[in-house]
Amino acid sequence: APSSSLVGRGASFAPSSSLVGRGSSSNNNKKRVLGKNSSFTVQANADMMKEVGTAVLSKDSVKAERYVASNRFKLQKGKGPQFEKRWAERKSRLSKLDGFRFFTLMRRVSEGRGDEEESDYVSLTIWSNKENFDAWRTGEAFKEAHGGGTIFGFAEMLISSLMVLKGGPKPAFYDGLMPLSTSPDALINEWQQADGWRSVVADGKTPLKSDVYVAMNRFKVFPGSEVAFEQRWSQRESDLQNCEGFQTFVLLRRDALQADDGYNYSTLTVWKDEASFQKWREGSSKKAHAKADQAKPLFEMPPSPIFYEGVLALIDPQGA
């Protein structure tokens, strides 16, 4: 649904559906153990979604400091501006909610693995923790943003989706590790989000002006190598916070039984613009990657980079 921030695990257009997640007492919960001698339990609850369950982490896993929820969309040809207009005009008070940290609707600007495999747009929301995400997913704010919680709002949203989307949205959830963020004061003033959502004029014909540039590098980490991969990242040298145009970084660990695209880890870095990213890429990034290039491979090579322009961005006064 193009008007939705995301459709959470366990529901497709159903704001009242239950969400089975880490820490749940449900006997139907599916779990996966990360680390050495990875194993699976057989209990499961499909809940209408192909990707369900949650990872049970090794005691040596890096502790999550954020929770990141996303929804991936493929669009019919030429429907991008119309899709953005739906998002710009939706009712939402997202940035006012407890635990909210950052949001942007990401518009893909690089080929990635190719148009047939990659999503055209990704909604991305960073929360302080999974409990905050769960509270939003089951609360009144979710209903307001998803057709008002009425059958008429639902029907209107569904009809609009059929005219714009190519297939249904695909959710993906992550633990956010090792977050870094600069002061958001200037961004809050620039983005004018006083009512909890951006006030942006969209005509449905012209793409919205980008607020940020988002770079991701996706990894298929070998089973049993997850803890070593995380520790390698925690030990690497980086001066991201001192780089011109840098805004946010978080290492994403997929919270799922099995990633539908195979990528169980990804970096997420938000920049002011592409020029800032390219300046870092040509300079400081080489130092940050030097030791990693010499170390034992912990993932299938090579990792898969993908780039986006972020529109309708929102940020909390604490930063992302």
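Residues numbered from 1 in each chain as written. Predicted model: local features only at pLDDT ≥ 70, side-chain atom pairs only at ≥ 80, totals over all residues. Heavy atoms only, no water.

Enquirer: So what about the environment of Glu190? Which residues, and what values?
Expert: By secondary structure assignment, the location of Glu190 is in helix H5 (residues 185-191). Taking the C-alpha atoms as reference points, Glu190 and Asp211, 21 residues apart in sequence, are found 9.5 Å from one another. (Helix = DSSP H or I, 4+ residues; strand = E, 2+ residues; numbered from the N terminus.)

Enquirer: How would you explain the pattern of salt bridges if you had to name every residue and give the values?
Expert: By the definition in use, this model includes 15 salt bridges. For Glu309, the salt bridge identified is with Arg107, shortest N-O distance 2.6 Å. Here Glu309, found in strand E10 (residues 304-315), pairs with Arg107, found in strand E4 (residues 100-108); they are 202 residues apart in sequence, far enough to count as distant. According to the relative accessible area criterion, Glu309 is partly exposed, its value standing at 25%. Note on Arg107: relative accessible area 10%, which makes it buried. Residue Glu244 pairs with Lys279 through a salt bridge whose shortest N-O separation is 3.1 Å. Of this pair, Glu244 sits in the loop between helix H6 (226-235) and strand E8 (246-254) while Lys279 sits in helix H7 (residues 274-282), and the two are 35 residues apart along the sequence. (Salt bridge = Lys/Arg side-chain N within 4 Å of Asp/Glu carboxyl O. Buried < 20%, exposed > 50% of the residue type's maximum accessible area, 1.4 Å probe, protein only.)

Enquirer: Lay out the nonpolar core in plain terms, naming residues and giving numbers.
Expert: Counting 27 residues, the largest nonpolar core has Phe83, Trp87, Leu94, Phe103, Trp136 and Leu312 as its most contacted members. In this structure, Val68, Met106, Ala172 and Val270 belong to the second largest nonpolar core, which totals 22 residues. (Core = buried A, V, L, I, M, F, W, Y, C linked by side-chain atoms within 4.5 Å.)

Enquirer: Can you tell me about the sheet that holds strand E5 (residues 121-127), naming the residues and giving the values?
Expert: As summarised here, the arrangement of the eight strands in space is E3-E5-E4-E10-E7-E9-E8-E6, forming a closed barrel in which the pairing is antiparallel. Sheet twist, expressed as the average angle between the axes of neighbouring strands with direction ignored, equals 30°. Pairing of strand E3 (residues 66-73) with E5, which is carried by seven bridges, proceeds in the antiparallel orientation. Across the sheet, the residue bridging to Ala69 is Thr125, located in E5. (Pairing = 2+ DSSP bridges. Axes fitted to C-alpha atoms, helices over the stretch in contact; angles between N-to-C directions.)

Enquirer: Go over the packing of aromatic side chains with me, naming the residues and quoting the values.
Expert: Applying the stated criterion across every chain yields a total of 25 aromatic pairs. Geometrically, the ring pair formed by Tyr213 and Phe277 is tilted, given 5.7 Å between the ring centres and 40° between the ring planes. With Tyr213 in strand E7 (residues 212-219) and Phe277 in helix H7, this pair connects stretches of sequence that are 64 residues apart. A residue is classified by how much of its surface remains accessible, and Tyr213, at 7% relative accessible area, is buried. Judged by its relative accessible area of 4%, Phe277 is buried. Between Trp271 and Trp280, the ring centres sit 5.6 Å apart and the planes meet at 40°, which makes this aromatic pair tilted. Accessibility classification places Trp271 together with Trp280 in one group, the buried group. Grouping aromatic residues by their ring pairs yields a cluster made of Tyr67, Phe100, Trp127, Phe133, Trp136 and Phe173. A cation over an aromatic ring shows up here: Lys220 above the ring of Tyr263, its NZ or CZ 5.1 Å from the ring centre. (Phe/Tyr/Trp six-rings, centres within 6.5 Å; stacked < 30°, edge-to-face > 60°. Lys NZ or Arg CZ within 6 Å of the ring centre and 35° of its normal.)

Enquirer: Tell me about the pairing of E3, and please be specific about residues and values.
Expert: Within a regular beta strand, the side chains point alternately toward one face of the sheet and then the other, so they alternate between its two faces. Burial analysis of E3 places eight of its eight residues in the buried class, the great majority of the element. With burial as the criterion, each face of E3 is covered, one bearing Arg66, Val68, Ser70 and Arg72 and the other bearing Tyr67, Ala69, Asn71 and Phe73. Where E3 and strand E6 (residues 170-181) come together, seven bridges link them in antiparallel fashion. Considered in E6, the bridge of Arg72 is made with Lys170.

Enquirer: Please provide a residue-by-residue account of H6, values included.
Expert: All of the buried residues in H6 are Glu226, Val227, Phe229, Glu230 and Trp233. Mapping the buried residues of H6 onto a view down its axis gives an arc of 160°, with all of them on the same face. (Arc of directions from axis to C-beta.)

Enquirer: I'd like a description of the confidence of the model for the protein chain, backed by residues and values.
Expert: Confidence in the prediction of the protein chain, expressed as mean pLDDT, is 80, and 73% of residues score 70 or more. The spread of mean pLDDT over the elements of the protein chain runs between strand E1 (residues 31-33), the lowest at 51, and strand E9 (residues 265-271), the highest at 98. The low-confidence segment residues 1-30 (pLDDT under 50) makes 117 contacts with residues lying over four places distant or belonging to another chain. A low-confidence stretch, residues 36-52 (pLDDT under 50), is modelled with 42 contacts involving residues beyond four sequence positions or located in other chains. (pLDDT = per-residue confidence, 0-100. Contact = heavy atoms within 4.5 Å.)

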